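# Close look at the chain arrangement
Residues per chain are reported as follows:
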Amino acid sequence: MTAVEAPVEAPPVVRREPRRWQGPAVFAAAALLALVVAPLLLEPFRLGLLAKYLCYAIVALGIGLAWGQGGMLTLGQGVFFGLGGYAMGMYLKLHDAGGDLPDFMVWSGVEKLPALWTPFGNPVFALAMAVAVPVVVALLLGALVFRQRVRGAYFAILTQALAAALVILLVGQQGLTGGTNGLTNFFDFFGQDLAADETQRGLYLTVAVVLGALYLGARQLVRSRFGRLLLAVRDGEDRVRFLGYNPATVKTLTFAVSAGMAGIAGALFVPVVGIISPALLGVVPSLELVVGVAVGGRFALAGAILGAVVMGYARTYFSEELPAAWLYLQGALFVLVMTLAPRGIAGLAAGLVRRRREAGT
């Protein structure tokens, strides 16, 4: 009789757990690159451009939180960016005027400082309003819209219309807002000469630190119980409502947080770039920010930041090298990324890392 051979057991599959140190290590490397390497290697002009990109990245972070995590496609984030920017610009103009009327009011024939402008002579009030006004506007809009279960394309169109309406309002109030030109010609920033290289370097570092802090806060929010509820609302709003939660409250609070981030970005943008005007906060700039988030990857907060920086750099590079075709090239970059990586650069990178881990098991 032949002996029956025992079946040979396959070796157990060892699955590697994700390395918990990878996320903090990437963040530390990005912080080192932004806070140490970039100021040492970049000339003041390029460092100022990078500071501008990081301001846009703060807005993109808020869009990533609202759209990527909450499913709210907001096409009017320039509204909140502009509200924060004008709050800071009003303080800077009053400070430079030294008690007199700002220059554009003199040119417009205004004889007395408008009552709306008076409190913005206080820097604390101006900084508080740069955040509070966008948050309050977002809370009011969210309470009105989300309770009516307006979502999807209807919400996107509504926010886009809000951006267009704000631009019309700002342009029409020449003596109050500077009209088409907006607020510009700033010279002093809390006692520092805005034209000095050291001041611009300090502003860049401030923007980078604020972006890092907001990213960590948003990341913690997404990982919290509220963040999990936000994801549930994005993936199945009706199911969340049937479970006893109020999706309108969750979406309104998230929308307000993203608006506050945009307001902070606008307040930082004004001293960095030296201008705030309706052209910077209308429909087109808002759409460009959304495109940047889509390119970077809207489902990852870091991807939203990366996309804003990449699209900002692409715009500068193409406009310098090929000024007649940079819009087409920027659009081609968007189409290319969306075709090859529908989840953006961050989704492409995550897929490569996942396949590498699976191959190593």
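Calculation rules
Residues numbered from 1 in each chain as written. Predicted model: local features only at pLDDT ≥ 70, side-chain atom pairs only at ≥ 80, totals over all residues. Heavy atoms only, no water. Helix = DSSP H or I, 4+ residues; strand = E, 2+ residues; numbered from the N terminus. Buried < 20%, exposed > 50% of the residue type's maximum accessible area, 1.4 Å probe, protein only. Contact = heavy atoms within 4.5 Å. Areas by Shrake-Rupley, 256 points an atom, 1.4 Å probe, with all protein chains shown as cover. Lys, Arg positive; Asp, Glu negative; His and termini not counted. Charge placed at Lys NZ, Arg CZ, Asp CG, Glu CD. Phe/Tyr/Trp six-rings, centres within 6.5 Å; stacked < 30°, edge-to-face > 60°. Axes fitted to C-alpha atoms, helices over the stretch in contact; angles between N-to-C directions. Parallel < 35°, antiparallel > 145°, perpendicular 65-115°, else oblique. Patch = residues over 30% accessible without salt bridge, like charges linked within 9 Å, V, L, I, M, F, W, Y side chains within 5 Å. Salt bridge = Lys/Arg side-chain N within 4 Å of Asp/Glu carboxyl O.

A word on the overall build of the protein. Helices and strands together make up the secondary structure of the protein, namely 15 helices and four strands. Dimensions of the protein, computed from C-alpha atoms along their principal axes, come out at roughly 115 × 55 × 40 Å. The proportion of buried residues among the 361 residues of the protein is 42%. Of the contacts formed within the protein by residues at least 6 apart in sequence, a portion of 78% connects residues at least 24 apart. When the accessible surface of the protein is split by element, carbon and sulfur atoms take 66% of a total near 19200 Å². The positive charge centre, built from 27 side chains, and the negative charge centre, built from 19, are 14 Å apart in the protein.

The tally for this structure, following the rule as stated, stands at 14 aromatic pairs. Aromatic pair Phe146 and Phe255: ring centres 6.2 Å apart, planes at 85 degrees, arrangement edge-to-face. In this pair, Phe146 sits in helix α5 (residues 123–146) while Phe255 sits in helix α11 (residues 247–273), placing the two residues 109 residues apart along the sequence. You can call Phe146 buried: its relative accessible area is 3%. Phe255 gets classed as buried once you look at its relative accessible area, which sits at 1%. Ring geometry for Phe155 and Phe255: centres 5.5 Å apart, planes at 75 degrees, overall edge-to-face. Residue Phe155 is located in helix α6 (residues 153–172), and its partner Phe255 is located in helix α11; the two are separated by 100 residues in the primary sequence. Here Phe155 matches Phe255 in class, with each residue buried. Pairwise contacts between aromatic rings join Phe80, Phe146, Phe155 and Phe255 into one cluster.

Turning our eyes to something else, we now look at unusual backbone geometry. Peptide bonds are, in most cases, trans, and in most cases residues other than glycine have a negative phi. A positive phi is found at Arg149, a non-glycine position, where the angle reads about 60 degrees. One non-glycine residue, Asn185, lies in positive phi territory at about 60 degrees. Within the secondary structure, Asn185 is located in the loop between β1 (183–184) and β2 (188–189). Judged by its relative accessible area of 39%, Asn185 is partly exposed.

Axis separation between helix α8 (residues 197–223) and α11 bottoms out at 10 Å; the angle between their running directions is 170 degrees. Viewed along their axes, α8 and α11 adopt a mutual orientation that is roughly antiparallel. Only Met261, Ile264, Leu268, Pro271 and Val272 of α11 make contact with α8, whose side of the interface consists of Gln200, Leu203, Thr206, Val207, Val210, Leu214 and Ala218.

Attention now moves to a nonpolar patch on the surface. Taken together, the side chains of Leu32, Leu33, Leu35, Val36, Val37, Leu40, Leu41, Leu205 and Val209 present a nonpolar region at the surface, about 810 Å² in accessible area. Contributing elements (two or more residues each) for the nonpolar patch: α1 (22–41) and α8. No other element matches the seven residues that α1 contributes to the nonpolar patch. Topologically, Leu32 is positioned in helix α1.

What follows deals with the pattern of salt bridges. In the structure shown here, the tally under the stated rule is nine salt bridges. Notably, a salt bridge pairs Glu320 with Arg46, separated by 3.2 Å at the nearest N-O pair. Taken together, the residues span a long stretch of sequence, with Glu320 in helix α13 (residues 301–321) and Arg46 in helix α2 (residues 44–69) at a distance of 274 residues. A salt bridge links Lys93 to Asp103, with the shortest nitrogen-to-oxygen separation between them at 2.9 Å. A residue pair is termed long-range when its members are at least 10 positions apart, and Lys93 in helix α3 (residues 77–97) and Asp103 in helix α4 (residues 103–107) qualify at 10 residues. Three or more residues joined by partner-sharing salt bridges are found here, namely Arg151, Glu237, Asp238, Arg241 and Lys251.

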